[in-house]
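A closer look at the structure
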Amino acid sequence: MGSKSPEGHQQIPDASNSNELKPINPSQKASQNGSGSADLGQGIISDDDDDDDDKGVAPGVTTSTDTDKKKKRKRSKRKKTKNNALPATELKQSSPPRVLISSLFPAAEYPTGELVPYENTSRTTGEELRYNSRLWDDNFLPDYRQGAEIHRQVRQYAQSELIKPGASLLSIAEGIEEGVRALSGHQGLEIGDGLKASMGFPTGLCLNNVAAHWTPNPGGKDVVLDKSDVLKVDFGVQVNGRIVDSAFTIAFDHTYDNLLAAVKEATNTGVNEAGIDARMSDIGSAIQEVMESYEVVIGGKTFPIKAVRNITGHDILRYHIHGGKQIPFIKNKNPDKMEEGEVFAIETFGTTGKGFLDDDIGIYGYGRNENVSGANLHLASAKSLLKTIDANFGTLVFCRRYLERLGVKNYHLGMRKLIDNGIVQSYAPLVDIKGSYTAQFEHTILLHSGGKEVISRGDDY
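Residues numbered from 1 in each chain as written. Predicted model: local features only at pLDDT ≥ 70, side-chain atom pairs only at ≥ 80, totals over all residues. Heavy atoms only, no water.

**Observations regarding the confidence of the model for the chain**
Atomic detail in the predicted coordinates should be set aside for any region of low pLDDT. The predicted model of the chain averages 85 in pLDDT, with 78% of residues at 70 or higher. Low pLDDT, under 50, characterises residues 8-88; the predicted model gives this stretch 121 contacts beyond four residues in sequence or across chains. (pLDDT = per-residue confidence, 0-100. Contact = heavy atoms within 4.5 Å.)

**Things to note about the packing of aromatic side chains**
This model, assessed by the stated rule, comprises nine aromatic pairs. Between Tyr256 and Tyr437, the aromatic rings sit 4.7 Å apart at their centres with planes inclined by 40°, giving tilted as the arrangement. In this pair, Tyr256 is assigned in the loop between strand E6 (242-251) and helix H7 (257-273) and Tyr437 in the loop between strand E16 (430-431) and strand E17 (438-447), connecting sequence segments 181 residues apart. Members of the aromatic cluster, each reached through a chain of ring pairs, are Trp136, Phe140 and Tyr144. (Phe/Tyr/Trp six-rings, centres within 6.5 Å; stacked < 30°, edge-to-face > 60°. Helix = DSSP H or I, 4+ residues; strand = E, 2+ residues; numbered from the N terminus.)

**Notes on unusual backbone geometry**
Note that the residue after Ser95, namely Pro96, is joined by a cis bond; omega there is 5°. Structurally, Pro96 can be placed in the loop between helix H1 (64-75) and helix H2 (101-104). Backbone geometry at Asp277 places phi at a positive 75°, although glycine is not the residue there. Relative to the helices and strands, Asp277 resides in the loop between H7 and helix H8 (280-291). One non-glycine residue, Tyr319, adopts positive backbone phi at about 65°. Of note, Tyr319 is situated in the loop between strand E10 (311-315) and strand E11 (326-327).

**Looking at the packing of helix H9 (residues 380-392) against helix H11 (residues 412-420)**
Between H9 and H11, whose axes approach to 8 Å, the crossing angle comes to 80°. In terms of orientation, H9 and H11 fall into the roughly perpendicular class. Taken together, the residues of H11 that come into contact with H9 (itself represented by Ser381, Ala382, Leu385, Leu386 and Ile389) are Gly414, Met415, Lys417 and Leu418. (Axes fitted to C-alpha atoms, helices over the stretch in contact; angles between N-to-C directions. Parallel < 35°, antiparallel > 145°, perpendicular 65-115°, else oblique.)

**Topic: the pattern of salt bridges**
Applying the stated criterion across every chain yields a total of twelve salt bridges. Across the pair Arg457 and Glu114 runs a salt bridge, and its minimum N-O distance is 2.8 Å. In this pair, Arg457 is assigned in the segment after strand E18 (451-454) and Glu114 in strand E2 (residues 114-117), connecting sequence segments 343 residues apart. Across the pair Asp390 and Arg368 runs a salt bridge, and its minimum N-O distance is 2.9 Å. Note that Asp390 is positioned in helix H9 and Arg368 in strand E14 (residues 365-368), a separation of 22 residues in sequence. A single salt-bridge network, built from bridges that share partners, covers Lys325, Glu339 and Glu342. (Salt bridge = Lys/Arg side-chain N within 4 Å of Asp/Glu carboxyl O.)

**Focus: the side chain of Arg155**
Relative to the helices and strands, Arg155 is located in helix H4 (residues 140-162). In this structure Arg155 touches Phe235, Ser246, Phe248, Ser456, Arg457, Gly458, Asp460 and Tyr461, once residues within four positions along its chain are discounted.

**Structural notes on the pairing of strand E3 (residues 197-207)**
If a strand is regular, its side chains alternate between the two faces of the sheet. In terms of burial, E3 is a largely internal element, eleven of the eleven residues being buried. Here E3 pairs with strand E5 (residues 230-239) via eight bridges, running antiparallel. Paired with Ser198 across the bridge in E5 is Gln238. (Buried < 20%, exposed > 50% of the residue type's maximum accessible area, 1.4 Å probe, protein only. Pairing = 2+ DSSP bridges.)

**A look at H4**
Helix length check: H4 (23 residues) gives 31 Å between terminal C-alpha atoms against 33 Å at 1.5 Å per residue, within 8%. The buried fraction of H4 amounts to 19 of the 23 residues, a majority that puts the element mostly inside the structure. (Expected span 1.5 Å × (residues − 1).)

Below, the structure written as structure tokens:
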């Protein structure tokens, strides 16, 4: 999810073959590139027995040993648990995805992301690795890796089954969100349940010149995906407030291949440049150089691809999708540096338009300003609404669909009061000029002491 500033699938190479960077959890045995699907059927017990030759027994004579072997073969079936269910090691993800991720990985050893050592590998010392474990609490990495695996499995399903010409954007959004809630095991309908695990922010589904911050709203016109559209899909998964923020772009028409390739390479450039002590100015400059080396031909006309100037990547804090640091996609004089232990959303937006986004009509979502108290509110509907927001979303961004899913009604006047008092901030869709096309790719990275973990990396991007 982009932070507004003040003014086709590719196999990813495995970058985990270096011994310079070690995961915090040394017992981790899962794939270092993340899992495209969670097929854990390897635990099935085989029915095959290798019988030794019985010496000195006449053909056709049944011995007690033969009988025992036959009994053993009959008993050699897949074991079931007390409730007659298959053990967790034999579970596979369903379609649509509904099997708990924690059931697929019962030891909580979730797949790591792509592990990339820093160029200055002298930073990797035993003391620093021990410091890393103190810097992050014991649940930090399991929570993040669980959220990342949920994101991978849900987006894999969305790419193969949901996102097709003729599908409504509402059906795509609901399919993604139902998958996230099912795999996390938290439907968010009881007070406080959505704070344990849920959507990190509403599913963004942005077409063509709409770059960011659009989601279907109740009562809105049903928008149907066309084969000529360029669709950005941006959604987050949070587990105990640890938010995985990742996005991709899909186009069915190969006309836009260069646009997607430019933005994907720019995002990967940002990932490569990121690390401890990396300057935001250097990262932004590298991203822009790669992005703007591309052009795309649409309708016989050549368009240079521009980096969007007024939306940025950002750091992520617990229960806060946007922290205090920004990563522009252009040359800049931002003096901030990345620091050990921080989490960043490395994202880029490219466009065939003017490269500057404006607020469009409508509302994408809302976010609670925790620094503003509601003690002075007098309107009953505003006070009731604020209580619902605090109990169910806290500082997580939410949308009107999420409120109505909880059964909240007649909230518009109360919401206006909360916004006017600075208690809640609203987010509008962000658009470039009509007729232009925009694309987005995004990954979440964790800055270990010895290297970075691209936590959201998968086989798709």
